[in-house]
Amino acid sequence: MPDLKTLYEGLQRAFYSKPASDLKTCVALLAQLKIGLIEAGLLLPQGNANFGDLVVARDILEIGALTSIRSRDVPSFDRYFSQLQTFYTDYGSNLPPSKREFPIRGLNLIRLLTQNRIADFHTTLESLPADIIADNPFIRHPVNLERWLMEGSYSKVWNAREETPAEEYKFFIDSLMGTIRNEIATCEEAAYESLPLRDAITLLFFTNQSDLINFAQQRGWQIDITAGLVKFSQKGEEQMEIPKQKLIAASLLYARELEQIV
């Protein structure tokens, strides 16, 4: 196996390649580098490790975290973030600041939001200094998202996609929007029999009709292109038929019993 230095240099070339990172090469090199970090005692460092080696190890793990997001591999991102905690917390005061630390911390906060882990979100947030929460754009962004979600200000969440402090944030915001769309769709199904296509596109934060049609197919809706309508499935009404019939039958039985008593 090539030495750590050679692998690290190859990782940097692949990650910073233009016009986009060579993700396949990054993933392959990261797997080898993590083995090397384990053998060198740098994946979970303890004691008086060389600071230069710690900076390199931190950089490798940060590239791993960002590569995971770009590859849409959330479990991998979770593992890299857990491994970075030692560098950010235990060695944070000894190592030079990393320009990637708060972007990655912010990504972790949004990840917690997408998984509806609100308690973990607030616990993680409370571990950060107040001035960082207030002033750092990478942290302020997920804080705003959480507030807008609690308020039901979904249009602000949608608009936040174009105001992300880093490109990787868009992946999690898209995931959030998927959850929001399903919540809105459930409300629409309960409130309407049908909606104009144009209104449905707006309400569900789609930008074109084809995206709405794909979403409608997943929900079992009918699209009437000629009439310009989306027709919702009547599952809710079908489910309501059963309790109504039972209630009527029970009322009739009660009435007969009452007549016999009289």
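Below you will find a few notes about this structure. Residue numbers run consecutively from 1 along every chain, following the written order of its sequence. Under the rules for a predicted model, residues below a pLDDT of 70 receive no local features and side-chain atom pairs below 80 are neither given nor counted, while totals for whole chains, interfaces and linings still include all residues. Computation of side-chain values covers all heavy atoms of the structure but excludes hydrogens and water.

## Some thoughts on the overall build of the protein chain
Within the protein chain, the secondary structure is distributed over 13 helices and three strands. Think of it in three bands: with a 1.4 Å probe and only protein chains considered, a residue is buried below 20% of the maximum accessible area for its type, exposed above 50%, and partly exposed in between. When each of the 262 residues of the protein chain is scored for burial, the buried share is 40%. Contacts: residue pairs with any heavy atoms within 4.5 Å of one another. Counting contacts in the protein chain only where the partners sit at least 6 residues apart, residues at least 24 apart contribute 60% of the total. Just so you have it, the protein chain exposes about 15100 Å², and 53% of that area is on carbon and sulfur atoms. To qualify as a helix, a DSSP run of H or I must reach at least 4 residues; to qualify as a strand, a run of E must reach at least 2; elements of each kind are numbered from the N terminus. Where accessible areas are quoted, they stem from the Shrake-Rupley method and a 1.4 Å probe; at the residue level, only the protein chains shown are allowed to cover.

## What to know about the sheet that holds strand β1 (residues 194-196)
Spatial strand order, β1-β3-β2: three strands in an open sheet with antiparallel pairing. At either end of the open sheet lies a strand with only one pairing partner, and these are β1 and β2 (222-224). The mean angle between the axes of side-by-side strands here comes to 20°, regardless of whether they run parallel or antiparallel. Note on pairing: DSSP must find at least two bridges between two strands before they are called paired. Two strands pair when backbone bridges link them, and β1 and strand β3 (residues 229-231) are joined in this way by three bridges, in the antiparallel orientation. By the bridge assignment for β3, Pro196 is matched with Leu229. For helices, the axis comes from a line fit to the C-alpha atoms of the stretch in contact; other axes are also lines fit to C-alpha atoms, and the angle between any two N-to-C directions lies between 0 and 180 degrees.

## Describing unusual backbone geometry
Note the cis peptide between Lys18 and Pro19, where omega equals 5°. When you line up the elements, Pro19 lands in the loop between α1 (4-15) and α2 (23-39). Backbone geometry at Arg72 places phi at a positive 60°, although glycine is not the residue there. With respect to the helices, strands and loops of the structure, Arg72 is situated in the loop between α3 (51-70) and α4 (74-90). Residue Phe205 is not a glycine yet carries a positive backbone phi of 60°. Tracing the backbone through its elements, the reader meets Phe205 in the loop between α11 (197-203) and α12 (209-219).

## Side note on α2
Side chains three or four residues apart in an α-helix point the same way, a direct result of the helix having 3.6 residues per turn. With 17 residues, α2 ought to run about 24 Å at 1.5 Å a step, and its terminal C-alpha atoms sit 24 Å apart, in line with that. Those residues of α2 lying buried are Cys26, Leu29, Leu30, Leu33, Lys34, Gly36 and Leu37. Buried residues along α2 cover an arc of 160° about the axis, so they all sit on one side. For α2, the exposed residues set more than 90 degrees away from the buried face come down to Lys24, Ile38 and Glu39. Next to the buried residues of α2 lie α1, α3 and α4. To estimate how far a helix should reach, multiply one less than its number of residues by 1.5 Å. Here, the arc refers to the directions that run from the helix axis to the C-beta atoms.

## So, the packing of aromatic side chains
Two aromatic rings from Phe, Tyr or Trp, using only the six-membered ring of Trp, form a pair when their centres are within 6.5 Å; if the ring planes differ by under 30 degrees the pair is stacked, by over 60 it is edge-to-face, and anything between is tilted. Using the criterion set out here, one finds nine aromatic pairs in the structure. Plain terms: the ring middles of Phe138 and Tyr169 are 6.4 Å apart, the flat faces sit at 55° to each other, and that makes the pair tilted. Here Phe138 is found in helix α8 (residues 137-151), whereas its partner Tyr169 is found in helix α10 (residues 169-191), with 31 residues between them in sequence. Since its relative accessible area comes to 0%, Tyr169 is described here as buried. Geometrically, the ring pair formed by Trp158 and Phe205 is tilted, given 6.2 Å between the ring centres and 35° between the ring planes. Placement of Trp158 in helix α9 (residues 154-160) and of Phe205 in the loop between α11 and α12 is noted, with a sequence separation of 47 residues between them. The class of Trp158 is partly exposed, set by a relative accessible area of 25%. Of the residues examined, Phe205 reaches a relative accessible area of 15% and is grouped as buried. Feature note: the residues Phe77, Phe81, Phe171 and Phe172 constitute an aromatic cluster, connected by ring pairs.

## Considering the pattern of salt bridges
Any Lys or Arg side-chain nitrogen found within 4 Å of a carboxyl oxygen on Asp or Glu counts as a salt bridge. Summed over the entire model, instances satisfying the criterion amount to twelve salt bridges. Put simply, Arg100 and Glu62 hold a salt bridge, and the shortest N to O gap is 3.5 Å. Here Arg100 is found in the loop between α4 and α5 (101-114), whereas its partner Glu62 is found in helix α3, with 38 residues between them in sequence. Accessibility assignment for this pair places Arg100 and Glu62 in one class, buried.

## Observations regarding empty space enclosed by the protein
To locate leftover empty space, one rolls a probe as large as a water molecule over the atoms. The pocket and cavity definitions rest on a 1 Å grid over protein atoms only: a 1.4 Å probe that fits but cannot leave marks a cavity, an open set with protein on both sides within 12 Å along at least five of seven lines marks a pocket, and residues lining either have an atom within 4 Å of a point. Grid points are joined across faces, edges and corners, and a volume is the space filled by probe spheres set on the points. Scanning all chains against the criterion turns up one cavity of 30 Å³ or more. As a volume, the largest cavity reaches approximately 40 Å³. Lining the largest cavity, in full, are Phe81, Arg105, Asn108, Leu109, Thr124 and Leu128. Amino acids outside the nonpolar list (Ala, Val, Leu, Ile, Met, Phe, Trp, Tyr, Cys, Pro) and the charged list (Asp, Glu, Lys, Arg) are all regarded as polar, and Gly is one of them. Here the residues of the lining of the largest cavity are counted per class, giving three nonpolar, two polar and one charged.

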